[in-house]
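Residue-level structural notes
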Amino acid sequence: MTMSFLQEIAKRRTFGIISHPDAGKTTLTEKLLLFGGAIQEAGAVKSNKIKKGATSDFMEIERQRGISVATSVLAFIYKDKKINILDTPGHKDFAEDTFRTLTAVDSVIVVIDVAKGVEEQTEKLVEVCRMRNIPMIVFINKLDREGKDAFDLLDEVEQKLKLTVTPLSFPIGMGYDFKGIYNIWEKNINLFTGDSRKDIEDTIAFDDVANPELDKIVGEKAANKLREELELVTEIYPQFDRDTYLKGDLQPVFFGSALNNFGVRELLDCFIEIAPQPRSKESDTRLVKPEEDKFSGFVFKIHANMDPKHRDRLAFIKIVSGVFERNKPYLHVRNNKNLKFSSPNAFFAEKKEVVDISYPGDIVGLHDTGNFKIGDTLTEGELMNFKGIPSFSPEHFRYINNADPLKAKQLEKGIDQLMDEGVAQLFTLEMNGRKVIGTVGALQYEVIQYRLEHEYGAKCSYENFPAHKACWVKPDDAKNDEYAEFKRVKQKFLGKDKYGQLVFLADSEFSIQMTQQKYPSVKLFFTSDFHSN
Ligand code: G4P
């Protein structure tokens, strides 16, 4: 283990930005890249949002897929730190993608719109981060607009997101009266110059707000208000403590305006100081540490080639330990097969390039001809699998039928590969072998149909399947009569998932409850990683 290897690890910050659509994730990402010098002008990062009403616009879907490859990982160097931003789609129909990406981040920044407060998608994503104790920093955006009172908003964040917050900056006024921000972390004041609130900022070191100079700078009224508010902040909120933040028990909050580039540098400067370097990860056999000399990593995302003539795919690997080297054979644990990669891609801003060596925290994109599934582990020979990429129960279910009998093979292959990519989940009914596709959002059905046709030359049609939730089934005793009875009575609703695990496709919440009461020894789970429960 060389010193420079440890230094490479210590340099890396791999994180995701999560928010409800429109809160300002794309704008913030772009401003961060500008600071890193990775892009030269605003507007260079394309929004990967699905535009409203685009449900049937397939050009739009294809365009999004193109952009989402480009923005999957945005890397840049800032103050000698290698920053990897992993893109997380905000659209709720792609929530599952985001959940999976969150297994590859070491920390997150949560963006909240000052006027809208905590929104639905933020709640869901933060819950996942909270369950995994991922360190979070909150950025309250759009301070140039009229919004909620800062204390009310902090309350809302605590209540709705179940977080323990502590502000590291505090706004001086808001909306029309927005004058700037007091940076509690750095002890200075950031001022908007002029009254346009759009101009370049001024930073004034200011370690004691009692200083009468403050009245001169922001006016007596605003100065007094800030003093009172900061006093309240000290009374109400715990003092920032890095270890507590790293454990996921305390979330620092920054205020700013991404669009006006206000408070963004402050956020980034604090982030690189406090955010964790690549963290250890649990596998099914042991805890794997980044500084171990043997390479290990896992697949958290698979992207099909946009060009239908080239059927290869790009599998995104998060490196957990050791160094990843080009042309070195690694064990693909699930298939027990050695694989070599002659052109692994690394990501830099919006470019990909072939790299010889990558370190823990980095993401490499590997060309794949169909070997990988999401969640797969690569090692230097050790038989272990990383944990924590569960499938969640889908919310929509439909039979998928072959609409072109001559293309049955193509359909089969297409479905298989799209499921490997994690576009949706497939269940094969026990009774008659019919296939049911489960998705998080209705949009996926159109994506699947379109891609089957354009990439695989297969046609499909859908038919409603009256399920409400998929429950993974685990009997206490696979041989008892109760389990046999359960399987007999529920046979119409039983299927196997892609890994051959038994799933009960319940048609209502009521039916789940009744089943649990009637067959207490047959346990039902709502995610596929029940093995670890
Ligand atoms: P998202 O990725 O989270 O979905 O949000 P995005 O950055 O695309 O921002 C959503 C909208 O909010 C954009 O306006 C963006 O310009 C605006 N915005 C972001 N940060 C701020 C801010 O600090 N202040 C104000 N006032 N607005 C902000 P849009 O009109 O929807 O798009 P565009 O046409 O400006 O790109």
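Above this text sits the structure in question.
Let me sum up the structure you'll find in this document. Nothing here was measured: the structure is a model prediction, and the numbers come from that model.

The eight strands lie next to each other as E27-E24-E26-E25-E29-E30-E28-E31, forming an open sheet whose pairing is antiparallel. The strands lining the two open edges of the sheet, one partner per strand, are strand E27 (460-464) and strand E31 (522-525). Sheet twist, expressed as the average angle between the axes of neighbouring strands with direction ignored, equals 40 degrees. Across the sheet, helix H12 (residues 443-456) lies against strand E24 (396-402), strand E26 (435-439) and E27, angled at about 155 degrees from E27, the strand it touches most. Where helix H14 (residues 509-518) meets the sheet, its contacts fall on strand E28 (469-475), strand E30 (502-506) and E31, and the angle it forms with E30 comes to roughly 130 degrees.

To continue, consider the site of the ligand. Surrounding the ligand, one finds 17 residues, the nearest of these being Asp-22, Lys-25, Thr-26, Thr-27 and Ser-257. Separating a nitrogen atom of the ligand from a side-chain N or O atom of Arg-145 is a distance of 3.2 Å. Bound to the protein, the ligand loses 68% of the 710 Å² it would expose on its own. Ranked by residue count, the leading element in the shell around the ligand is helix H2 (residues 25-35), at three residues. Partitioned by chemical class, the residues of the shell around the ligand number four nonpolar, seven polar and six charged.

All right, on to the pattern of salt bridges then. In total, this model carries 36 salt bridges according to the counting rule given. The partner of Arg-334 in a salt bridge is Asp-376, and the shortest N-O contact between them spans 2.8 Å. Of the two residues, Arg-334 sits in the loop between strand E17 (330-332) and strand E18 (337-339) while Asp-376 sits in the loop between strand E22 (363-368) and strand E23 (377-379), which places them 42 residues apart along the sequence. Taken together, the salt bridges that share partners define one network made up of Arg-313, Asp-368, Lys-373, Asp-416, Asp-420 and Lys-498.

Spatially, the seven strands line up as an open sheet ordered E2-E3-E1-E4-E5-E11-E6, and their pairing is mixed. Of all strands in the sheet, those with a lone pairing partner are strand E2 (73-78) and strand E6 (165-167), marking the two edges. Between one strand and the next, the sheet's axes are offset by a mean angle of 25 degrees, whatever the strand orientation. Inspection of the sheet shows strand E1 (residues 12-19) paired to strand E4 (residues 107-113) by five bridges, in the parallel sense.

Okay, the packing of aromatic side chains next. Applying the stated criterion across every chain yields a total of 21 aromatic pairs. Where Phe-397 meets Phe-427, the ring centres are 6.3 Å apart and the plane angle is 40 degrees; that geometry is what we call tilted. Of this pair, Phe-397 sits in strand E24 while Phe-427 sits in strand E25 (residues 425-429), placing them 30 residues apart in sequence. The buried category is assigned to Phe-427, whose relative accessible area is 0%. An angle of 70 degrees between the planes, with centres 5.6 Å apart, marks the rings of Phe-486 and Tyr-519 as edge-to-face.

On to helix H10 (residues 264-274), then. Of all 11 residues making up H10, nine are buried, and the element is well covered by its neighbours. What H10 keeps buried is the set Val-264, Glu-266, Leu-267, Leu-268, Asp-269, Cys-270, Phe-271, Ile-272 and Ile-274.

With that settled, consider H12. Helix length check: H12 (14 residues) gives 19 Å between terminal C-alpha atoms against 20 Å at 1.5 Å per residue, within 8%. The element H12 is largely enclosed, with a buried count of 10 among its 14 residues. Residues Leu-443, Gln-444, Tyr-445, Val-447, Ile-448, Tyr-450, Arg-451, Leu-452, Glu-455 and Tyr-456 constitute the buried set of H12. Positive backbone phi, at 65 degrees, marks Gly-457, one or two positions downstream of H12.

A word on unusual backbone geometry. Even without being glycine, Asn-133 reaches a positive phi, approximately 55 degrees. Looking at the secondary structure, you find Asn-133 in the loop between helix H5 (120-131) and strand E5 (136-141). On the basis of relative accessibility, which here comes to 41%, the residue Asn-133 falls in the partly exposed class. At Lys-162, a position not held by glycine, the phi torsion is positive, near 50 degrees. Assignment of secondary structure puts Lys-162 in the loop between helix H6 (150-161) and E6.

It is worth spelling out the packing of helix H11 (residues 408-420) against H12 at this point. Two numbers describe how H11 lies on H12: the axes approach to 10 Å, and their chain directions differ by 120 degrees. The angle between H11 and H12 falls in the class oblique. Seen along the crossing, H11 lies across H12 with a hand that is right-handed. When H11 is examined against H12, the residues Gln-410, Leu-411, Lys-413, Gly-414, Ile-415, Gln-417, Leu-418 and Met-419 are found in contact with a partner set consisting of Ile-448, Arg-451, Leu-452 and Tyr-456. For the contact of H11 with H12, the residue count by class is seven nonpolar, three polar and two charged.

Rules and cut-offs
Starting from 1, residues in each chain are numbered consecutively following that chain's sequence as written. Local features are withheld for residues below a pLDDT of 70 in this predicted model, meaning they are given only at 70 or higher, and side-chain atom pairs are given and counted only at 80 or more; totals for whole chains, interfaces and linings count all residues. With hydrogens and water set aside, each side-chain value is computed from the structure's full complement of heavy atoms. Paired strands are those between which DSSP finds at least two bridges. A run of H or I in DSSP counts as a helix once it spans at least four residues, and a run of E counts as a strand once it spans at least two, with each numbered from the N terminus. Fitted lines through C-alpha atoms serve as axes, helices being fitted only where they are in contact, and the angles separating the N-to-C directions of these axes extend from 0 to 180 degrees. Residue contacts are counted whenever heavy atoms from the two residues lie within 4.5 Å of one another. Neighbouring residues are identified by heavy atoms, a residue being near a molecule or strand if any of them is within 4 Å of it. N or O atoms within 3.5 Å of each other form a polar contact, as long as, within protein, one can give a hydrogen and the other can take it, and as long as residues adjacent in sequence are counted only when both atoms are side-chain atoms. Here the Shrake-Rupley method, with its probe set to 1.4 Å, supplies the accessible areas, and only the displayed protein chains count as covering residues. Any residue that is not Ala, Val, Leu, Ile, Met, Phe, Trp, Tyr, Cys, Pro, Asp, Glu, Lys or Arg is counted as polar, Gly included; the first ten are nonpolar and the last four charged. By definition here, a salt bridge exists when the distance from a side-chain nitrogen of Lys or Arg to a carboxyl oxygen of Asp or Glu is within 4 Å. Any pair of Phe, Tyr and Trp rings, taking the six-membered ring for Trp, is counted once the centres come within 6.5 Å. Such a pair is stacked with planes under 30 degrees apart, edge-to-face with planes over 60 apart, and tilted for the rest. Exposure classes here rest on a 1.4 Å probe applied to the protein chains alone. A residue is buried below 20% of its type maximum, exposed above 50%, and partly exposed in between. The span expected for a helix works out to 1.5 Å for each residue beyond the first. In these notes the angle categories are as follows: under 35 degrees is roughly parallel, over 145 is roughly antiparallel, 65 to 115 is roughly perpendicular, and the rest is oblique. Note on convention: near helix rotated counterclockwise from far helix by under a right angle means a left-handed crossing. Clockwise means right-handed.

That is the geometry; function is a separate question.
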